[in-house]
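# Understanding the architecture of this molecule
As a plain string of letters, each chain reads:
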Amino acid sequence: LQQGARGAAVATLQRALNAFLTPTPPLKDDGDFGGKTRDAVVAAQTRLGLAPTGIADARFQDALRARVTPGSLTPPDPANGAARWMRVAEGEMG
């Protein structure tokens, strides 16, 4: 994957980068491999001791996946967020 790529694989990469680097602000997992994603790939490659090419090749993706928890790669479920909010609201209202 490289700058200009789009799709689910890019969104998964973005979530993995967020989990590994904890960038502030976090990357949007929008599936668009733009400049911010490229910069995050370079930072992660450097941290992993790989050549900082900005291209998320198989070697880089394997190294990154080995260092993040599988749950961090799953897209957030909006229904779960709503359910949590409802439980908090119900608890506050009694």
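Everything that follows concerns the structure shown earlier in this document.
Before going into details, it helps to say that this report is about the structure given with it. This one's a predicted model, so the numbers in the text were calculated from it and none came from an experiment.

Throughout the structure, instances matching the rule amount to 0 aromatic pairs. One residue, R47, lies across the ring of F20, its end atom 4.3 Å from the ring centre.

Turning next to the environment of Q2. Tracing the backbone shows Q2 in the segment before α1 (8–21). The class for Q2 is partly exposed, based on a relative accessible area of 44%. Separated by 55 residues in the primary sequence, Q2 and D57 have C-alpha atoms spaced 8.2 Å apart. In this structure, Q2 is in contact with F33 and I55, ignoring residues within four places of it in sequence.

On to the side chain of N18. Among the structural elements, N18 can be located in helix α1. On the basis of relative accessibility, which here comes to 18%, the residue N18 falls in the buried class. A distance of 2.8 Å separates a polar side-chain atom of N18 from the backbone nitrogen of L27. Ignoring anything within four residues of it in the chain, the contact list for N18 reads P23, P26 and L27.

In this section: the pattern of salt bridges. Throughout the structure, instances matching the rule amount to 3 salt bridges. Across the salt bridge formed by R15 and D29, the nearest N and O atoms sit 3.0 Å from each other. One end of the pair, R15, is in helix α1; the other, D29, is in the loop between α1 and α2 (35–47), and 14 residues separate them in sequence. The class of D29 is partly exposed, set by a relative accessible area of 32%. For R65, the salt bridge goes to D62, with nearest N and O atoms at 2.9 Å. One end of the pair, R65, and the other, D62, are both in helix α3 (residues 58–65), 3 residues apart, so they sit about a helical turn from each other. Taking relative accessible area as the criterion, D62 reaches 46% and is therefore assigned partly exposed.

With that settled, consider the nonpolar core. Core analysis: the largest hydrophobic core is formed by 18 residues, its most contacted members being L13, L17, F60 and L64. Within the residue set of this core, elements represented by two or more residues are α1, α2 and α3. Considering each element in turn, this core owes the most residues, 5 residues, to α1. If near-sequence neighbours (up to four positions away) are discounted, F60 is found in contact with L13, L17, V41, A44, Q45, L48 and L50.

So, how was this worked out
- Residues numbered from 1 in each chain as written.
- Predicted model: local features only at pLDDT ≥ 70, side-chain atom pairs only at ≥ 80, totals over all residues.
- Heavy atoms only, no water.
- Phe/Tyr/Trp six-rings, centres within 6.5 Å; stacked < 30°, edge-to-face > 60°.
- Lys NZ or Arg CZ within 6 Å of the ring centre and 35° of its normal.
- Helix = DSSP H or I, 4+ residues; strand = E, 2+ residues; numbered from the N terminus.
- Buried < 20%, exposed > 50% of the residue type's maximum accessible area, 1.4 Å probe, protein only.
- Contact = heavy atoms within 4.5 Å.
- Polar contact = N/O pair within 3.5 Å; in protein donor to acceptor, adjacent residues only side chain to side chain.
- Salt bridge = Lys/Arg side-chain N within 4 Å of Asp/Glu carboxyl O.
- Core = buried A, V, L, I, M, F, W, Y, C linked by side-chain atoms within 4.5 Å.

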